[in-house]
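# Coordinate inspection notes
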Amino acid sequence: MDKNFHKQNLSEFFDSGVGLDFYIKSRYSGKHIKFREELKGFLCKSEEYWQRYKANGPREKFDLLLGLDQYGDKDFNRQEIMELINICNGLTEKYNSDTVDDQKVRYFSMKLKELCEEALQGNNIVEALGD
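So, here's what we can say about the structure. (Residues numbered from 1 in each chain as written. Predicted model: local features only at pLDDT ≥ 70, side-chain atom pairs only at ≥ 80, totals over all residues. Heavy atoms only, no water.)

## Things to note about the side chain of Arg52
Within the secondary structure, Arg52 sits in helix α3 (residues 49–54). Reaching out from Arg52, the side chain makes a polar contact with the side chain of Asp63 at a distance of 2.3 Å. Those residues within four positions of Arg52 in sequence are excluded, and the remaining contacts are Glu47, Gly57, Pro58, Glu60 and Asp63. (Helix = DSSP H or I, 4+ residues; strand = E, 2+ residues; numbered from the N terminus. Polar contact = N/O pair within 3.5 Å; in protein donor to acceptor, adjacent residues only side chain to side chain. Contact = heavy atoms within 4.5 Å.)

Structure (structure tokens):
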């Protein structure tokens, strides 16, 4: 990790701001991770999501995450949660440099994966709530 950017700064980045909040849909869990608007924009640009969307192009491997409406709500079923875990693994592999943006992608991916795995273990679903 870049010497000038610490894990504490990363967690603060994902605790507030505008974006989608991912939760385990259970009355006992207060865990969440925010998919910040800035991070989604970075990924959409890097993955050329908007060009594919406008051209009605084929769905790519990160599109379940990138295609979420930042103002809407979505419940993820068990199969979609497993797909989110695969997306997190793919993002961690692809965005592996020490740039601040790549570090943010990896941190978000790690936290979302942990949340998804916990949801699966508790037989719960994951929900994303937009701002």
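## What to know about the layout of surface pockets
Any empty space left between the atoms is revealed when a probe the size of a water molecule rolls over them. Of the pockets and cavities examined, the second largest pocket occupies roughly 160 Å³. As for the second largest pocket, its lining consists of Tyr49, Arg52, Tyr53, Asn56, Gly57, Pro58, Arg59, Asp63, Leu64 and Gly67. At the level of secondary structure, the elements contributing two or more residues to the lining of the second largest pocket comprise α3 and α4 (63–66). A per-element tally of the lining of the second largest pocket places α3 first, with three residues. Classifying every residue of the lining of the second largest pocket gives four nonpolar, three polar and three charged. (1 Å grid on protein atoms, 1.4 Å probe; cavity = no way out; pocket = protein on both sides within 12 Å on 5 of 7 lines; lining within 4 Å. Points joined across faces, edges and corners; volume = space filled by probe spheres on them. Nonpolar A, V, L, I, M, F, W, Y, C, P; charged D, E, K, R; others polar.)

## Some words on the packing of aromatic side chains
Applying the stated criterion across every chain, the model contains five aromatic pairs. A connected cluster of aromatic rings, assembled from ring pairs, spans Phe22, Phe35, Phe76 and Phe108. Seen from the ring of Phe76, Lys74 lies directly overhead, with NZ or CZ sitting 5.1 Å from the centre. (Phe/Tyr/Trp six-rings, centres within 6.5 Å; stacked < 30°, edge-to-face > 60°. Lys NZ or Arg CZ within 6 Å of the ring centre and 35° of its normal.)

## Considerations on the sheet that holds strand β2 (residues 32–36)
Overall, antiparallel pairing links the four strands, which are arranged β2-β1-β4-β3 in an open sheet. In this open sheet, the two edge strands, each paired with only one partner strand, are β2 and β3 (73–76). Strand-to-strand twist across the sheet, computed as the mean angle between neighbouring axes with direction ignored, equals 20 degrees. Of the pairings in the sheet, the one linking β3 to strand β4 (residues 125–130) comprises four bridges and is antiparallel in character. Its bridge partner being in β4, Asp75 is matched across the sheet by Glu127. Lying over the sheet, helix α2 (residues 37–46) contacts β1 (19–25) and β2, oriented at roughly 55 degrees with respect to β2. Together, β1, β3 and β4 form the strand contacts of helix α5 (residues 78–94), whose direction differs from that of β3 by roughly 95 degrees. (Pairing = 2+ DSSP bridges. Axes fitted to C-alpha atoms, helices over the stretch in contact; angles between N-to-C directions.)

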